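Take a look at the letters that make up each chain.
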Amino acid sequence: MFPVPETVNPTSTHPTLHALRRCKTLDALKQLHSQMITTGIILHTYPLSRILLLSATVAPISYTLSIFNHFPNPTIFLFNTLISSLGTHHTDAAHIAFSLYARILNPTTLLKPNCFTYPSLFKACASHSWLNQGRALHSHVLKFLEPPYDRFVQASLLNFYSKFGKLGVCRYLFDQIVEPDLAAWNSILSAYARNDGFSLEVLSMFSDMQKSLVRPNEVTLVGLISACADLSALSQGAWAHVYVLKNNLKLNRFLGTVLIKMYANCGLLNMADQVFDKLPERDTFCYNAMIRGLAIHGYGHQALDLFERMRIGGLVPDDVTILVTMCGCSHVGLVEEGCKIFDSMKELHGHFTDRDLIDWLLSLACLLRLVLGLHDIMLVHNLSILNHTLFVLPNCKMA
């Protein structure tokens, strides 16, 4: 335990705290940490919270925990600071965040979790697919917090349940919010947009949002346009595109991908191509959406050209890229090119799982129309799966 100093200025005007704001390296952090111990400022809650935040950014977790564990009787504010920092900078340390939460619940600490304790923990549960742990955490919210709940707690609950497709719970939680803010609207819209069959609900919810004073942002419009793409709702999707342009919203790769998909589904490939060309940055999902649009409308040569452009640009194709490109090849009889793409995928991945191999062979068979060529696979793969593959092959079509 550190010696208690006689006089310490713990306010934000302390020169060590100013130095912390400029600190970028572990060595500099260690020097400042030593100064804080020497001056005794480390014993005060606010300065300790600042160094914990910095340590979580530039130092190993073990170093951050050593700083925290040397502080006698940490407050709930310090626990929350460390839990949140781990969730932001060390997403693989969720188990440590929950061990800290368990320490809060220990009766000897005389602490009680508050609204700042839970958002990072729910985020960890969602990212690690911990449904049961998240439900238990929800019960703790009901136990320890008084309604109405903080908007960040409500948004984290919505996001958590939406990741597991629990739309009924999401809608119930949303309806409990008296005045939903932008984060709440985005959470519920994204929840519906991520699950098949709820595109009409997205449009309905967005209509309700427009009646409020909350203005949509890029996240809102990704959910809206995604629903428009699924429904081939051109007028609503075009309205959303115009809204982006009129309000100077950033046409990022997420908005670009759903706009490309929407215009392609509505048959306006020229508009999809314009959006693709105007994107300041493109990732694999953007290319997949554009290649898919070209493929489903019979522009196999253009789809193959875009695939090659993607690879030359240094982006690594994923399984969707290969499937949509081979689909484009199949429409125009590019048999040799399709075989080369299949071979390149084998080189890229090295091996396939059984399910992967069946998917690739099905796509390749659709391309080559060589049903009899699949019979050799019966020696090593499940017969029922192959019978189903042969059955659907004559009517095979990529969505």
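Residues numbered from 1 in each chain as written. Predicted model: local features only at pLDDT ≥ 70, side-chain atom pairs only at ≥ 80, totals over all residues. Heavy atoms only, no water.

A.B. asks: Hey, could you run me through the overall build of the protein in this one?
C.D. replies: Summing up its helical and strand segments, the protein has 22 helices and zero strands in all. Here the protein holds 399 residues, and the buried ones make up 46% of them. (Helix = DSSP H or I, 4+ residues; strand = E, 2+ residues; numbered from the N terminus. Buried < 20%, exposed > 50% of the residue type's maximum accessible area, 1.4 Å probe, protein only.)

A.B. asks: Sorry, what's going on with the side chain of Ser199 here?
C.D. replies: Tracing the chain through its elements places Ser199 in helix α12 (residues 199-211). Classification of Ser199 as buried rests on a relative accessible area of 10%. Excluding residues within four positions of it along the chain, Ser199 makes contact with Ala227, Asp230 and Leu231. (Contact = heavy atoms within 4.5 Å.)

A.B. asks: Just checking my understanding: could you explain the confidence of the model for the protein for this structure?
C.D. replies: Interpreting fine coordinate detail is not advised for predicted regions of low pLDDT. Chain-level statistics for the protein give a pLDDT mean of 84 and a share of 83% at 70 or above. Here helix α22 (residues 383-392) stands out as the least confident element of the protein, with mean pLDDT 37; helix α15 (residues 253-265) is the most confident, with 97. Low pLDDT (under 50) marks residues 369-399, which in the prediction has 34 contacts with non-local residues, meaning those over four places away or in another chain. (pLDDT = per-residue confidence, 0-100.)

A.B. asks: How should the nonpolar core be read in this particular structure?
C.D. replies: In this structure, Ile188 and Leu221 are the most contacted members of the largest nonpolar core, which totals 109 residues. Contact partners of Leu221, with chain neighbours within four places excluded, come to Ala240, Tyr243, Val244, Leu249 and Leu255. (Core = buried A, V, L, I, M, F, W, Y, C linked by side-chain atoms within 4.5 Å.)

A.B. asks: Got a minute to help me understand the packing of helix α4 (residues 61-69) against helix α6 (residues 94-105) in this structure?
C.D. replies: Between α4 and α6, the least distance of the axes is 13 Å, while the angle of their chain directions is 10 degrees. The angle between α4 and α6 falls in the class roughly parallel. In the crossing of α4 with α6, the sense of the turn from one axis to the other is right-handed. On α6, the residues that touch Ile61, Leu65, Phe68 and Asn69 of α4 are Ile96, Leu100 and Arg103. Among the residues making up the contact of α4 with α6, the classes are represented as five nonpolar, one polar and one charged. (Axes fitted to C-alpha atoms, helices over the stretch in contact; angles between N-to-C directions. Parallel < 35°, antiparallel > 145°, perpendicular 65-115°, else oblique. Left-handed = near helix turned anticlockwise from the far one by under 90°. Nonpolar A, V, L, I, M, F, W, Y, C, P; charged D, E, K, R; others polar.)

A.B. asks: Would you mind going over empty space enclosed by the protein with me for this structure?
C.D. replies: In this approach the atoms are scanned with a rolling probe the size of a water molecule, which exposes any empty space left behind. As enumerated under the stated definition, the model contains one cavity of 30 Å³ or more in all. As a volume, the largest cavity reaches approximately 40 Å³. Every residue along the wall of the largest cavity is listed here: Arg151, Gln154, Ala155, Ile177, Glu179, Pro180, Asp181 and Ala184. The residue makeup of the lining of the largest cavity, split by class, is four nonpolar, one polar and three charged. (1 Å grid on protein atoms, 1.4 Å probe; cavity = no way out; pocket = protein on both sides within 12 Å on 5 of 7 lines; lining within 4 Å. Points joined across faces, edges and corners; volume = space filled by probe spheres on them.)

A.B. asks: Where do I start with the layout of surface pockets in this structure?
C.D. replies: By volume, the largest pocket amounts to about 540 Å³. If you trace the largest pocket, you find 17 residues lining it, with Ser226, Thr257, Val258, Lys261 and Phe285 closest to the centre. Classifying every residue of the lining of the largest pocket by side-chain character gives eight nonpolar, three polar and six charged.

A.B. asks: Even after reading the chapter, I still don't get the environment of Thr321, so can you show me in this structure?
C.D. replies: Tracing the backbone through its elements, the reader meets Thr321 in helix α19 (residues 319-332). For the pair formed by Thr321 and Arg292, sequence separation is 29 residues and the distance between their alpha carbons is 8.1 Å. Once you skip the residues sitting within four places of it in the chain, Thr321 turns out to touch Thr284, Asn288, Ile291, Phe307 and Met310. Side-chain polar atoms of Thr321 contact the side chain of Asp318, separated by 2.7 Å. (Polar contact = N/O pair within 3.5 Å; in protein donor to acceptor, adjacent residues only side chain to side chain.)

A.B. asks: Help me out: how do you make sense of the packing of helix α10 (residues 167-175) against helix α11 (residues 182-193) in this one?
C.D. replies: Helix-helix packing is characterised by the crossing angle of the two axes and by the distance between the axes. Taken N-terminus to C-terminus, the directions of α10 and α11 make an angle of 160 degrees; their axes are 10 Å apart at the nearest point. Taken together, α10 and α11 sit at an angle that is classed as roughly antiparallel. As for the relative orientation of α10 and α11, their crossing is left-handed in sense. Residues Leu167, Cys170, Arg171 and Phe174 of α10 lie in contact with α11, whose contacting residues are Ala184, Trp185, Ile188, Ala191 and Tyr192. Across the contact of α10 with α11, the residue classes break down as eight nonpolar, no polar and one charged.

A.B. asks: Looking at this structure, how should I read the pattern of salt bridges?
C.D. replies: Note that side chains of opposite charge can pair when their charged atoms are close. With the rule as written, the count across this model stands at eight salt bridges. Note that Lys211 and Asp208 form a salt bridge whose closest N and O atoms lie 4.0 Å from each other. Of this pair, Lys211 and Asp208 are both found in helix α12, three residues apart, which corresponds to roughly one turn of the helix. Arg253 is the salt-bridge partner of Glu281, the closest N and O atoms lying 3.5 Å from each other. With a gap of 28 residues between them, Glu281 in the loop between α16 (269-278) and α17 (284-296) and Arg253 in helix α15 connect regions that are remote in the sequence. Residue classification places Arg253 among the partly exposed residues on the basis of a relative accessible area of 28%. Among the ionic contacts, a cluster of salt bridges with common partners joins Arg171, Asp175 and Glu201. (Salt bridge = Lys/Arg side-chain N within 4 Å of Asp/Glu carboxyl O.)

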